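# Breakdown of the fold
Each chain, written out:
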Amino acid sequence: MQIVKESGPITGEHIAEQLNLTRATLRPDLAILTMAGFLDARPRVGYFYTGKSGTQLLTENLQKIYVKEYQSIPVVVNENVSVYDAICTMFLEDVGTLFVVDKGSHLVGVLSRKDLLRASIGKQELTTIPVHIIMTRMPNITMCEREDLLIDVAKKLIEKQIDALPVVKKTDHGFEVIGRITKTNITRAFVALGEE
Ligand code: ADP
């Protein structure tokens, strides 16, 4: 890096000479520095220093992560299923948020763990209350699309104090649920970024 900073643009051959190494020995190191964005290379010109700091590169990489790369499979229930059945689905599918759809498979609501817990506190008969009574409903659902940046979705999760967002596709009749982004997906992206 020091050599390129001082003498760039400089060919791989010349860098190797200064280090008393062969071009072949140096090749993997140059490849890593180029891939990481610290150096750039032009054919017949050589390597030059991009001047970008680690933080700058991290920000740039963050702006390249899209929802579609990290989304998981959504778990949906019909608006007429009972609160009891929704609780069973949440356990069986091992998720923290259920998306509620109408008979045309369009998004109408969201059910969180605490929504179901709240409904269970009273002495109501859970097998007879349909979930559409207790869900958070449209148009108050925060959603995202496959092509959205993951960082923007992470901001929405923080801002709205929620754990998950449905990934939707707009149709003529509403929104079709095609995926799910949760705090776990964001954590996974964060770890991948740190290990890159
Ligand atoms: P919990 O209620 O278990 O803490 P959340 O923080 O995700 O889980 O949910 C808080 C409230 O926000 C719940 O009433 C839930 O119905 C609602 N909610 C969850 N996700 C969304 C969303 N994507 N859009 C709108 N409301 C949501």
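Everything here concerns the structure above.
Surveying the vicinity of the ligand reveals 15 residues, the closest of which are Ser112, Asp115, Thr136, Thr142 and Asp163. One nitrogen or oxygen atom from the side chain of Asp115 is found 2.4 Å from an oxygen atom belonging to the ligand. Between the ligand and Gln161 there is a distance of 3.3 Å, counted from an oxygen atom to a backbone nitrogen or oxygen. For the ligand, whose accessible area on its own is 540 Å², the fraction buried by protein is 84%. Partitioned by chemical class, the residues of the shell around the ligand number 6 nonpolar, 5 polar and 4 charged.

Topologically, Lys169 is positioned in strand 7 (residues 164–171). Residue class for Lys169 comes out partly exposed when judged on its relative accessible area of 46%. Sequence spacing of Lys169 and Val81 is 88 residues, and the spatial spacing of their C-alpha atoms is 23 Å. In contact with Lys169, other than residues within four places in its own chain, are Gly174, Phe175, Glu176 and Ile178.

Analysis parameters
Residues numbered from 1 in each chain as written. Predicted model: local features only at pLDDT ≥ 70, side-chain atom pairs only at ≥ 80, totals over all residues. Heavy atoms only, no water. Near = heavy atom within 4 Å. Polar contact = N/O pair within 3.5 Å; in protein donor to acceptor, adjacent residues only side chain to side chain. Areas by Shrake-Rupley, 256 points an atom, 1.4 Å probe, with all protein chains shown as cover. Nonpolar A, V, L, I, M, F, W, Y, C, P; charged D, E, K, R; others polar. Helix = DSSP H or I, 4+ residues; strand = E, 2+ residues; numbered from the N terminus. Buried < 20%, exposed > 50% of the residue type's maximum accessible area, 1.4 Å probe, protein only. Contact = heavy atoms within 4.5 Å.

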